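# Architecture and fold: a report
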Amino acid sequence: MRPTVVEVSLARLGDNFRAVRAAVAPAAVMPIVKANAYGHGLVEVARHLVALGAPSLGVAFLEEALALRRAGVAVPILVMGGILGNQIPVFLRHGLTLTASSIDKLRQIDDAARDLGVTAKVHLKIDTGMERIGVHYYSAHGLLERASECRHTVVEGIYSHFAAADAADLTSARVQLARFLEVLEWYDKQGVPPPVRHIANSGAILQLPESHLDLVRAGILLYGVYPSPEVRRTIAVRPALSWKSRVVYFKVVTPGHAVGYGSTWQADHPVRVVTIPVGYGDGYFRALSNAAEIIVRGRKYPVVGRVCMDQVMVNIEWDTAYNGDEVVLLGEAGGEAITCEDLAEWAGTIPYEVLTNINTRVPRVYV
Ligand SMILES: *Cc1c(COP(=O)(O)O)cnc(C)c1O
């Protein structure tokens, strides 16, 4: 196996899941496992969380849900993204839960279910301020009425999504929650119990307990990463993912000799530089060139020169390192840590992109 691996701690994942579950009870937790479970490995993460009692899972699109079904994951799976008409029969044949984000899509789902002689399971999607998918809150009653008339579709849930629940200022999140609750009053007025109501993502799980309702959709928090620097850390979680590699080359670089493509870095004194077999072709951002640090033998050292597609160079000054020594790109070693937040800051992005950018070329190992 190549020396560059992502190591996932299933124990930490489990601890995080239990911490979130305890904090939001009696609301249920739907783990979100889209984007290869935020880089942690779709099938392994899903199986582990289902074994720990996760009653359902959420993904972004159809193929992710099909991969779970193929792996034998049998719990309800909500596909949260927008759908196209020709995908609907595939959803129905695999017993997947669809997001009905407009009256038109709901009608297509109900028709397809009638044609196949099955009952479709849907969650209605209300747009309360994200302007992504969903029926606007101010015209949602039409969707709820039509849904109640469908004869081949059961509405199992109704949901919305926050645009800024991980911000320090929760004003807009509170407005979105109020809009959602107002839409839900329709059920009271009809005298029927509402389906499963949900709106909370990680930011709202941490900061807006009144938004937990019947179920929370926990994404990045389950993986032990906080959604933003300013979010209140009301639940303790720890990162489940480490990204490791090994020294494959060692040399002395003398002054006047620049390192890497574009010759962007050189020292004014002799230094020892090691080469690590990981690059932007694995998802280690090129923006980390001359910006990131990497832990070698328990100490942090700077990346020097440009990150290549498959390799990166690290200046260890006059310290020692040997071929085969373990290095940590993301994670902990010898009392030092490089976090997702560190990499996000160095690369000018957010922790979500750091995790989901680690591509499938990097083997996942479960410990
Ligand atoms: C990705 C996603 C989530 C999870 O978001 P986190 O911030 O990672 O918790 C929840 N709901 C929807 C609709 C999503 O797309």
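Residues numbered from 1 in each chain as written. Predicted model: local features only at pLDDT ≥ 70, side-chain atom pairs only at ≥ 80, totals over all residues. Heavy atoms only, no water.

Let us now look at the packing of helix α1 (residues 10-24) against helix α3 (residues 42-51). The contact between α1 and α3 brings their axes to 10 Å, and the two run at 50 degrees. Relative to α3, α1 is oriented oblique. The way α1 lies across α3 gives a crossing that is right-handed. Touching Leu-10, Leu-13, Gly-14 and Phe-17 of α1 are Val-45, His-48 and Leu-49, all from α3. (Axes fitted to C-alpha atoms, helices over the stretch in contact; angles between N-to-C directions. Helix = DSSP H or I, 4+ residues; strand = E, 2+ residues; numbered from the N terminus. Parallel < 35°, antiparallel > 145°, perpendicular 65-115°, else oblique. Left-handed = near helix turned anticlockwise from the far one by under 90°. Contact = heavy atoms within 4.5 Å.)

Another aspect to go through is the pairing of strand β14 (residues 293-296). Both β14 and strand β15 (residues 299-304) contribute to a ladder of four bridges, which runs antiparallel. Within the sheet, the bridge partner assigned to Val-296 lies in β15 and is Arg-299. (Pairing = 2+ DSSP bridges.)

The next thing to look at is the packing of aromatic side chains. Taken as a whole, this structure holds five aromatic pairs when the rule is applied. Judged by centre distance (6.2 Å) and plane angle (45 degrees), the ring pair of Tyr-38 and Tyr-352 falls under tilted. Within this pair, whereas Tyr-38 is found in helix α2 (residues 34-38), its partner Tyr-352 is found in helix α11 (residues 351-357), the two being separated by 314 residues in sequence. Take Tyr-38: its relative accessible area is 6%, and that puts it in the buried class. Judged by centre distance (5.1 Å) and plane angle (90 degrees), the rings of Trp-186 and Tyr-187 are edge-to-face. The exposure classification of Trp-186 matches that of Tyr-187, with both residues buried. Connected via pairs of aromatic rings, a cluster forms that spans Tyr-38, Tyr-223 and Tyr-352. In this structure, Arg-272 packs its charged tip against the face of Trp-318, placed 4.3 Å from the ring centre. (Phe/Tyr/Trp six-rings, centres within 6.5 Å; stacked < 30°, edge-to-face > 60°. Buried < 20%, exposed > 50% of the residue type's maximum accessible area, 1.4 Å probe, protein only. Lys NZ or Arg CZ within 6 Å of the ring centre and 35° of its normal.)

Turning to unusual backbone geometry, a few remarks are in order. Cis geometry is found at the peptide bond from Ala-25 to Pro-26, where omega equals 10 degrees. Positive phi values are uncommon outside glycine, yet Leu-213 reaches one of about 45 degrees. Within the element layout of this structure, Leu-213 appears in the loop between α9 (202-207) and β10 (215-218). Residues other than glycine seldom take positive phi values, yet Arg-297 does so here, at roughly 50 degrees. Topologically, Arg-297 is positioned in the loop between β14 and β15. The class of Arg-297 is partly exposed, set by a relative accessible area of 45%.

With that settled, the discussion passes to the side chain of Gln-87. The topology assignment puts Gln-87 in the loop between β4 (77-79) and α5 (88-93). On the basis of relative accessible area, Gln-87 is assigned to the buried category, the value being 19%. Aside from chain neighbours lying at most four places away, what touches Gln-87 is Leu-62 and Gly-82.

Below, the discussion takes up the domain arrangement of the protein chain. Domain assignment breaks the protein chain into domain 1 (10-223) and domain 2 (241-366). Each of domain 1 and domain 2 has a C-alpha centre, and the two are 38 Å apart. Every contact between the two is made by ten residues of domain 1 and, on the other side, nine residues of domain 2. Interface area, domain 1 with domain 2, both sides summed: about 950 Å², of which 64% is carbon and sulfur. In terms of surface lost to domain 2, no three residues of domain 1 exceed Tyr-38, His-40 and Ile-220, which account for 46% of the buried area on that side. Seen at the junction of domain 1 and domain 2, the total is one salt bridge. Linking Arg-12 and Glu-332 is a salt bridge whose minimum nitrogen-to-oxygen distance equals 3.4 Å. Element by element, the count of residues in the side of domain 1 that touches domain 2 is highest for α2, at three residues. (Domains from an automatic or database assignment. Buried area = accessible area lost by both parts, 1.4 Å probe. Salt bridge = Lys/Arg side-chain N within 4 Å of Asp/Glu carboxyl O.)

Looking now at helix α10 (residues 340-347). Along α10, the residues classified as buried are Cys-340, Leu-343, Ala-344 and Ala-347. Angularly, the buried residues of α10 cover 100 degrees about the axis, an arc narrow enough to put them on a single face. Buried residues belonging to α10 abut β17 (326-333), β18 (336-338) and α11. With its phi angle positive at about 70 degrees, Gly-348 sits one or two positions after the end of α10. (Arc of directions from axis to C-beta.)

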